[in-house]
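Spelled out from the first residue to the last, the chains are:
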Amino acid sequence: MRGWQCHFRDDGPFGHDKQTSLREARNRGEYLIFIGDGFSDRQAAEMADEVYAKHSLAVYCREQGIEFHE
């Protein structure tokens, strides 16, 4: 096969379950900083200690009362 192929980390609906990755990091005691801009970032933003958001994720954070940096 020629060219490149994209292999996702898991079978989540967005190709990568970001919330699962953050949960694993939290279980290791890590401070969670998340940067995102869209629909697939919502669950991860809810879990992070610090969020940097723009576009529709910033709107979502405002609506949900999630503190974030724009």
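Structure: above.
Residues numbered from 1 in each chain as written. Predicted model: local features only at pLDDT ≥ 70, side-chain atom pairs only at ≥ 80, totals over all residues. Heavy atoms only, no water.

Caption draft 1: Region of interest: a nonpolar patch on the surface. On the surface, a nonpolar cluster with roughly 450 Å² of combined accessible area is contributed by Y31, I33, I35 and Y52. One can find Y52 in strand β2 (residues 50–53). Look at Y52 and you get partly exposed, because its relative accessible area is 34%. (Patch = residues over 30% accessible without salt bridge, like charges linked within 9 Å, V, L, I, M, F, W, Y side chains within 5 Å. Areas by Shrake-Rupley, 256 points an atom, 1.4 Å probe, with all protein chains shown as cover. Salt bridge = Lys/Arg side-chain N within 4 Å of Asp/Glu carboxyl O. Helix = DSSP H or I, 4+ residues; strand = E, 2+ residues; numbered from the N terminus. Buried < 20%, exposed > 50% of the residue type's maximum accessible area, 1.4 Å probe, protein only.)

Caption draft 2: Up close: the pattern of salt bridges. Applying the stated criterion to the full structure yields four salt bridges. Two residues, E30 and R28, come together in a salt bridge whose shortest N-O distance is 2.9 Å. For E30, a relative accessible area of 37% gives the class partly exposed. Put simply, E70 and R62 hold a salt bridge, and the shortest N to O gap is 2.8 Å. On the basis of relative accessibility, which here comes to 70%, the residue E70 falls in the exposed class.

Caption draft 3: Structural detail: helix α1 (residues 18–27). Looking only at α1, the buried set comprises Q19, S21, L22 and A25. Viewed end-on, α1 has its buried residues packed into an arc of 160°, placing them on one side of the element. N-capping of α1 is provided by D17, with a side-chain oxygen placed 3.2 Å from the backbone N of Q19. Immediately downstream of α1, the backbone of G29 shows phi near 85°, a positive value. (Arc of directions from axis to C-beta. Polar contact = N/O pair within 3.5 Å; in protein donor to acceptor, adjacent residues only side chain to side chain.)

Caption draft 4: Spatial organisation of the nonpolar core. By size, the foremost hydrophobic cluster in this structure holds 15 residues, and its most contacted members are L22, L32, F34, V51, A53, L57 and C61. Within the residue set of this core, elements represented by two or more residues are α1, α2 (42–47), β2 and α3 (55–64). Residues contacting F34, with those up to four places away along its chain left out, are K18, L22, D41, A44, A45, A48, E50, V51, Y52 and L57. (Core = buried A, V, L, I, M, F, W, Y, C linked by side-chain atoms within 4.5 Å. Contact = heavy atoms within 4.5 Å.)

Caption draft 5: Fine view of α3. The set of residues buried in α3 consists of L57, A58, Y60 and C61. Projected down its long axis, α3 shows its buried positions confined to an angular sector of 160°, all on one face. For α3, the exposed residues lying more than 90 degrees away from the buried face are H55 and E63. Once α3 finishes, G65 follows within two positions and takes phi at roughly 75°, a positive value.

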